[in-house]
Amino acid sequence: VELVGNPSVLFMDEPTSGLDARAAAGVMRAVRNGANSNRTVTVTIHQPSTEIFEAFDMLVLLQRGGRLTYFGPLGEHSQDLISYLEGYNGVTPIKPGYNPATWMLEVTGGSMATSFKPADLDFPDEYLNSELRIKNLALGDEIVSKTKESSAVLEIESMYATSARTQAKMLMQKYVAYYWRAPHYN
């Protein structure tokens, strides 16, 4: 419903919950179309299908306690994520045709499934020492410096958006319109 309003930023908390696979794929296609039209879309999602998972560009994977395990691009067919995780010793390679979202949770210890033997690694600590984190920090610094150069200082003259007179005028117009539309109330 919110997509109809054409927002510039979307925050979605589990938009596919309670939907069957076909309906969930339809919702995520609509979300993807929104992202393709230069909108920022942030989605939390649990147990996505391969099709839905690979519709995302970037992934933020958190472990219990909010510890950052992975923050980066997924890549074509989740190849960037797969390469990152398989780069660690002890990580069981993904099986052909296996859902990368499920595999990612199983190898990092974020799942209760026992299909794979989890690696004996603390992935949040590994991320802290990774090249990916260094690249992310450099990109963040670059974005901040560009933003500082191009933005003016925001000055707020008052705690109100407009004068008391304008606020009173707008409220009076609102209530006159309300009473006009509801004569039975009068």
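Anything mentioned here points back to the structure above.
Residues numbered from 1 in each chain as written. Predicted model: local features only at pLDDT ≥ 70, side-chain atom pairs only at ≥ 80, totals over all residues. Heavy atoms only, no water.

## Some points on the pairing of strand β4 (residues 67-73)
In this structure, strand β3 (residues 58-63) lies alongside β4, joined through 6 bridges in antiparallel fashion. The residue of β4 that forms the bridge with Leu59 is Gly72. Joining the antiparallel neighbours β3 and β4 is a turn of 3 residues, in which Gly65 adopts a positive phi near 85 degrees. (Pairing = 2+ DSSP bridges. Helix = DSSP H or I, 4+ residues; strand = E, 2+ residues; numbered from the N terminus.)

## Points about the packing of aromatic side chains
What the rule picks out here adds up to 4 aromatic pairs. Between Tyr88 and Phe123, the ring centres sit 5.8 Å apart and the planes meet at 85 degrees, which makes this aromatic pair edge-to-face. Of this pair, Tyr88 sits in the loop between α3 (79-86) and α4 (100-108) while Phe123 sits in helix α5 (residues 123-128), and the two are 35 residues apart along the sequence. Both residues of the pair, Tyr88 and Phe123, belong to the buried class. When the ring centre of Tyr175 is taken as reference, the NZ or CZ atom of Lys174 above it lies at 5.7 Å. (Phe/Tyr/Trp six-rings, centres within 6.5 Å; stacked < 30°, edge-to-face > 60°. Buried < 20%, exposed > 50% of the residue type's maximum accessible area, 1.4 Å probe, protein only. Lys NZ or Arg CZ within 6 Å of the ring centre and 35° of its normal.)

## Let's talk about the nonpolar core
Counting 19 residues, the largest nonpolar core has Leu59, Leu81, Leu85, Trp103 and Met104 as its most contacted members. Elements that contribute at least two residues to this core include exactly β3, α3, α4 and α5. The residues touching Leu85, leaving out its near neighbours within four places in the chain, are Val91, Trp103, Met104, Val107, Thr108 and Phe123. With 7 residues, the next largest nonpolar core counts Leu10, Ala24, Met28 and Ile52 among its residues. (Core = buried A, V, L, I, M, F, W, Y, C linked by side-chain atoms within 4.5 Å. Contact = heavy atoms within 4.5 Å.)

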